[in-house]
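So the chains spell out like this:
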Amino acid sequence: DLATDERAERYGMTFPARRIHIVTSATVRGRDPVSLARTAALLGFGTLQALRLLGRVTPSAVIGFGGYPTVPPVLAATLRNIPTLIHEQNAVMGRANRMLAPRVKAIATSFFDFRSSILASHEPGWMFLRPNQFNRDMAPIIRRRLISA
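Values in this document were obtained by computation on a predicted structure and should not be read as measured data.

Undergrad: Outline the overall build of the chain, supporting the account with residue identities and numerical values.
TA: Along the chain, the regular secondary structure elements total 4 helices and 6 strands. Taken from the N to the C terminus, the helices and strands of the chain come in the order β-β-α-β-α-β-α-β-β-α. Buried positions account for 40% of the 149 residues belonging to the chain. Of all intrachain contacts in the chain linking residues separated by at least 6 positions in sequence, the fraction that spans at least 24 positions is 33%.

Printed below as a string of structure tokens:
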């Protein structure tokens, strides 16, 4: 299943997912108090939608790929104690993933020399996956670390 914002509707039914669930999201567009409050309200509403959705579909794990559409479903999964993983495809972690990183069980990255102060904030048992690890070990990690967590 795919939980994303309304932009996915542009792809129609050709997107390769069993089901597409539209969850409200928003990007920070301005620094003024009204814009920030609007973004916070939309992300909060999306998180409530995602909490209900995760109660219905009961996933084994939730994986986010960055961007603000990732925030509500991954945040809701952490609130429901569903194992979570985020993937950061850039050398510098984006705002949405930086916000989620302290809450998730694992981070996968496309770069061997990825560095972030977020990484130091995780407790023992947390996983940071680099490219070769991700390709070679993803299935056992999901089975052993995320689903059984």
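Undergrad: Can you explain helix 1 (residues 33–57)? Please cite residues and give values.
TA: Relative to the 36 Å expected for 25 residues at 1.5 Å per residue, helix 1 spans 36 Å between its end C-alpha atoms, a close match to the ideal helical length. Regarding helix 1, the residues found buried are Thr39, Leu43, Gly46, Thr47, Ala50, Leu51, Leu53 and Leu54. Count one or two residues on from helix 1 and you reach Thr58, which has phi positive near 40 degrees.

Undergrad: Describe in detail the environment of Thr24, supporting the description with residues and values.
TA: You can see Thr24 is positioned in the loop between strand 2 (20–22) and helix 1. Sequence separation between Thr24 and Thr4 is 20 residues, and the spatial gap between their C-alpha atoms is 7.9 Å. Residues contacting Thr24, with those up to four places away along its chain left out, are Leu42, Phe45, Gly46, Gln49 and Pro72.

Undergrad: Before we move on, can you summarise the pairing of strand 4 (residues 84–88) with the specific residues and values?
TA: For strand 4, the buried fraction is high: 5 of the 5 residues fall into the buried class. In terms of handedness, the path from strand 3 (residues 62–64) via helix 2 (residues 71–79) over to strand 4 forms a crossover that is right-handed. Relative to strand 5 (residues 106–109), strand 4 is paired through 4 bridges, and the arrangement is parallel. Of the residues in strand 5, the one forming a bridge with Glu88 is Thr109. In this view, the connection linking strand 4 to its parallel neighbour strand 5 by way of helix 3 (residues 95–100) has right-handed handedness.

Undergrad: So what about the environment of Leu79? Which residues, and what values?
TA: Take Leu79: it is sitting in helix 2. Counting along the chain gives 24 residues from Leu79 to Arg103, while the straight-line C-alpha distance between them is 9.3 Å. Dropping the residues within four chain positions of it, Leu79 is found in contact with Thr47 and Leu51.

Undergrad: Residue-level account of the packing of helix 1 against helix 2, with values.
TA: At a minimum axis separation of 8 Å, helix 1 and helix 2 run at an interaxial angle of 55 degrees. The orientation of helix 1 relative to helix 2 falls into the category oblique. The handedness of the crossing between helix 1 and helix 2 is right-handed. The segment helix 1 lies against helix 2, with Leu43, Gly46, Thr47, Ala50, Leu51 and Leu54 engaging Val71, Pro72, Pro73, Leu75, Ala76, Ala77 and Leu79. In terms of residue class, the contact of helix 1 with helix 2 is built from 11 nonpolar, 2 polar and no charged.

Undergrad: Mind laying out the environment of Val62, listing which residues take part and the relevant values?
TA: On the secondary structure map, Val62 appears in strand 3. Sequence separation between Val62 and Ala3 is 59 residues; the distance between their C-alpha atoms is 9.6 Å. Setting aside anything within four residues of it in sequence, one finds Val62 in contact with Leu54, Pro73, Val74, Ala77, Ile82, Pro83, Thr84 and Leu85.

Undergrad: Explain the confidence of the model for the chain to me, and be specific about the residues and the numbers.
TA: Segments scoring low in pLDDT should not have their predicted coordinates read at a detailed level. Per-chain confidence: the chain averages 78 in pLDDT, with 70% of residues scoring 70 or above. For the chain, per-element mean pLDDT is lowest for helix 4 (residues 131–146), which scores 48, and highest for helix 2, which scores 95. For the stretch residues 141–149, pLDDT sits under 50, and the model shows 19 contacts to residues farther than four places along the chain or on other chains.

Cut-offs used in this document
- Residues numbered from 1 in each chain as written.
- Predicted model: local features only at pLDDT ≥ 70, side-chain atom pairs only at ≥ 80, totals over all residues.
- Heavy atoms only, no water.
- Helix = DSSP H or I, 4+ residues; strand = E, 2+ residues; numbered from the N terminus.
- Buried < 20%, exposed > 50% of the residue type's maximum accessible area, 1.4 Å probe, protein only.
- Contact = heavy atoms within 4.5 Å.
- Expected span 1.5 Å × (residues − 1).
- Right-handed = clockwise from strand over helix to strand, strands pointing away.
- Pairing = 2+ DSSP bridges.
- Axes fitted to C-alpha atoms, helices over the stretch in contact; angles between N-to-C directions.
- Parallel < 35°, antiparallel > 145°, perpendicular 65-115°, else oblique.
- Left-handed = near helix turned anticlockwise from the far one by under 90°.
- Nonpolar A, V, L, I, M, F, W, Y, C, P; charged D, E, K, R; others polar.
- pLDDT = per-residue confidence, 0-100.

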